[in-house]
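Architecture and fold: a report
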Amino acid sequence: MNITTTGPKGLPISGNLMAFRRSPLQFIREAAEEHGEVVHFRFGPSRHIYLLTNPDHIKEVLVSKQAHFRKGKGLQVARAVVGDGILTSEGKKHLRQRRLMQPAFHRDRIATYGDVMVRQAVDLMSDWKTGELRDIHSDMMKVTLAIITETMFGKTVKEGADQIGHAIDVGLKYVANKGSSFIDIPLSVPTKSNREFLESSELLDKTIYSLIEARRNSEGEEHKDLLGMLLAARDEDDGEGMTDEQVRDEVMTIFVAGHETTANTMSWIFYLLATHPEVEKKLHDELSTVLCDKLPTVEDLPQLKYTNLIVQETLRLYPAAWTINREVVDEVEIGGHTYKPGETLMMSQYVMHRDPRYYEQAEEFIPERFDSDLLKRNPAYAYFPFGGGPRVCIGNNFALMEAALLLATIAQRYRLRLAEPNQTVEPEPLVTLRPKNGLPMRLEKR
Ligand code: HEM
């Protein structure tokens with residue numbers, strides 16, 4: 001038996017594609033408000049999408065019935081950059097890679113990267129001047145890239161970091177454009193963007209493979225960075241490690257998955273602080289009391305409670321991963337509806353995190369709400385900024401630590417003001433949820 005599903009009316013051929021593209025966030029929120037827990041819509045004549053807004057159904061997709069699904073179509077485009085790393089691989093291959101990589105992201109392990117995060121934040125501010133107008137979003141992209149580069153390769157590539165950064169930028173832009181483009185031009189056609197992409201990939205591959213080779217030839221030396229961990233990882237069952245190609249794919253995966261997401265989160269934090277002076281004041285009080293002017297460290301994080309609440313609440317209102325999509329592989333029943341192979345299920349953090357069933361004053365920025373039993377009271381998948389189940393974000397602890405340390409280090413020294421007092425910043429839902437047109441802000445030394 002199938003429950004009846006409804007959804008927004010679409011056009012005869014393109015279905016709801018145009019309306020979705022025009023304003024994805026508005027489209028899915030309105031659809032959810034109007035059509036309940038399972039919303040059906042269509043992209044083109046035959047692509048059926050179901051938006052799920054019951055947290056228990058979301059849990060079934062991501063956890064208990066996850067074997068019936070694979071990653072959505074959008075992510076397949078990312079393969080051009082990240083190859084077959086853990087973000088894009090499926091089934092047994094994913095499981096093996098995940099097992100190999102998990103230890104590198106263990107909480108104790110990543111705690112050793114705290115100093116890099118704080119030092120890079122201090123470096124970023126070294127050319128900041130009070131009164132200056134800056135695009136804080138591009139600063140956040142710069143600092144998170146510098147952090148992931150140093151935690152990945154150690155200090156060995158300081159000179160090459162800019163080059164790597166540029167090449168990754170080109171790769172990410174290419175994926176974002178291709179993902180949202182109507183026409184699929186194969187890579188073999190020498191368009192300007194294809195040529196640029198291929199050149200930068202070649203450069204990146206050369207750099208990464210030469211770093212891998214240098215490491216493989218330096219046996220005996222212990223390297224505590226992520227690359228060292230990836231090269232040392234061995235499978236419990238067969239004792240095998242990763243091939244060079246696999247290491248390359250995982251390095252790229254971590255760059256892609258772990259750079260822009262955190263940068264966006266930081267931008268949204270500074271936007272929300274600038275528009276909520278009472279929250280900013282409480283943050284400043286906490287930083288003064290806990291840190292007394294010294295730079296933050298990982299050991300300070302448990303005491304920086306309000307700082308952490310701000311990160312949590314920002315990930316609620318502006319979840320960098322705004323939707324998780326899955327494609328049905330084997331027919332599966334969820335909540336009284338049978339989904340067929342080829343159909344897409346969409347689970348949106350942006351929709352769920354602003355749902356008044358689970359959050360009072362859902363549109364308001366109130367970090368204190370997480371200083372309660374809210375997460376226990378609500379169903380598990382009413383808040384899932386890092387996804388869930390076997391594909392939950394492997395970098396979640398890394399990201400939370402990085403966001404709290406960057407926030408503490410920067411807010412200790414600067415107050416960031418909006419360039420225009422009443423300026424609103426629109427979220428732009430590309431691969432990640434970023435501030436549309438950047439985030440121009442004025443620096444004020446504290
Ligand atoms: C605020 C920052 C971040 C957010 C919101 C975020 C969110 C997510 C989400 C929602 C997923 C699951 C996607 C899905 O199931 O389809 C994911 C996967 C992943 N994330 Fe993150 N992420 C963040 C930061 C990071 C960082 C810093 C790293 C690495 C250093 C990272 C590495 C990964 C990887 C490798 C995966 C794929 C895991 C797998 O499929 O097994 N992420 N992330």
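Calculation notes
Residues numbered from 1 in each chain as written. Predicted model: local features only at pLDDT ≥ 70, side-chain atom pairs only at ≥ 80, totals over all residues. Heavy atoms only, no water. Axes fitted to C-alpha atoms, helices over the stretch in contact; angles between N-to-C directions. Helix = DSSP H or I, 4+ residues; strand = E, 2+ residues; numbered from the N terminus. Parallel < 35°, antiparallel > 145°, perpendicular 65-115°, else oblique. Left-handed = near helix turned anticlockwise from the far one by under 90°. Contact = heavy atoms within 4.5 Å. Nonpolar A, V, L, I, M, F, W, Y, C, P; charged D, E, K, R; others polar. Domains from an automatic or database assignment. Buried area = accessible area lost by both parts, 1.4 Å probe. Salt bridge = Lys/Arg side-chain N within 4 Å of Asp/Glu carboxyl O. Buried < 20%, exposed > 50% of the residue type's maximum accessible area, 1.4 Å probe, protein only. Pairing = 2+ DSSP bridges. Donors = N, O, S within 2.8 Å, 3.2 Å for Na, K, Ca; no water. UniProt positions renumbered as here; feature names shortened; annotations may be inferred. Phe/Tyr/Trp six-rings, centres within 6.5 Å; stacked < 30°, edge-to-face > 60°. Lys NZ or Arg CZ within 6 Å of the ring centre and 35° of its normal.

1. Brief notes about the packing of helix H7 (residues 114–125) against helix H8 (residues 136–153)
The geometry of H7 relative to H8 is characterised by a closest axis approach of 9 Å and an angle of 140 degrees between their N-to-C directions. Classified by the interaxial angle, the pair formed by H7 and H8 is oblique. The interaxial crossing formed by H7 with H8 has right-handed handedness. Two secondary-structure elements touch here, H7 through Val116, Met117, Arg119, Gln120, Ala121 and Leu124 and H8 through Asp139, Met140, Lys142, Val143, Ala146, Ile147, Glu150 and Thr151. In terms of residue class, the contact of H7 with H8 is built from eight nonpolar, two polar and four charged.

2. Structural notes on the domain arrangement of the chain
Taken domain by domain, the chain holds domain 1 (1–82 + 322–384) and domain 2 (98–122 + 136–314 + 392–413). For domain 1 versus domain 2, the separation of C-alpha centres amounts to 27 Å. In this assembly, 17 residues from domain 1 lie in contact with 22 residues from domain 2. On the domain 1 side of the interface with domain 2, the three residues burying the most area are Val81, Val82 and Phe365, jointly 42% of the side's total. Joining domain 1 to domain 2, the criterion identifies two salt bridges. Across the salt bridge formed by Glu313 and Arg369, the nearest N and O atoms sit 3.0 Å from each other. For the side of domain 1 that touches domain 2, the secondary structure elements donating two or more residues are helix H1 (17–22) and helix H4 (73–82). Residue contributions to the side of domain 1 that touches domain 2 peak at five residues, all from H4. The residue makeup of the side of domain 1 that touches domain 2, split by class, is 12 nonpolar, no polar and five charged.

3. Some points on the pattern of salt bridges
The full count for this structure, using the stated rule, is 32 salt bridges. For Arg70, the salt bridge identified is with Glu327, shortest N-O distance 3.1 Å. Taken together, the residues Arg70 in strand S3 (residues 69–71) and Glu327 in strand S5 (residues 324–328) connect sequence positions 257 residues apart. Assessed through its relative accessible area of 8%, Glu327 is described here as buried. Notably, a salt bridge pairs Arg96 with Asp235, separated by 3.3 Å at the nearest N-O pair. Of the two residues, Arg96 is situated in helix H5 (residues 91–101) and Asp235 in the loop between helix H11 (226–232) and helix H12 (244–257); the sequence distance between them amounts to 139 residues.

4. What about the sheet that holds strand S1 (residues 38–43)?
Pairing between the strands of a sheet comes from backbone hydrogen bonds, and it takes one of two forms, parallel or antiparallel. Taking strand neighbours across the sheet as the criterion, the five strands line up as S1-S2-S8-S5-S3 in an open arrangement whose pairing is mixed. Either end of the sheet is taken by a strand with one partner, and the two such strands are S1 and S3. Averaged over all adjacent pairs, the angle separating strand axes in this sheet is 30 degrees, with direction ignored. The sheet contact formed by S1 and strand S2 (residues 47–52) spans six bridges and is antiparallel. When the sheet's bridge partners are listed, Phe43 is paired in S2 with Arg47.

5. With respect to the coordination of the iron atom of the ligand
In this structure the iron atom of the ligand is ligated by exactly one protein donor, Cys393 (SG), at 2.3 Å. On the secondary structure map, Cys393 appears in the loop between helix H17 (374–377) and helix H18 (396–413).

6. Thoughts on the UniProt feature "binding site: heme" (unreviewed entry) in the chain
In this structure's numbering, the residues bearing the UniProt feature "binding site: heme" (unreviewed entry) are Cys393. Accessibility expressed as a relative area gives 29% for Cys393, which makes it partly exposed. When residues no more than four places from it in sequence are discounted, the contact partners of Cys393 are Arg98 and Phe386.

7. A look at the packing of aromatic side chains
Going through the model one piece at a time under the given rule, you end up with 12 aromatic pairs. On the numbers, 5.9 Å between centres and 85 degrees between planes, the contact of Phe20 with Phe27 is edge-to-face. The exposure class assigned to Phe20 is buried, which follows from its relative accessible area of 12%. Residue classification places Phe27 among the buried positions, given a relative accessible area of 11%. An angle of 50 degrees between the planes, with centres 5.0 Å apart, marks the rings of Phe20 and Phe43 as tilted. One end of the pair, Phe20, is in helix H1; the other, Phe43, is in strand S1, with 23 residues separating them in the sequence. Assigned by exposure class, Phe20 and Phe43 land together as buried. What links up through ring pairs into an aromatic cluster is the set Phe20, Phe27, Phe41 and Phe43. Over the ring of Tyr318 we find Arg354; its NZ or CZ atom is 5.3 Å from the centre of that ring.

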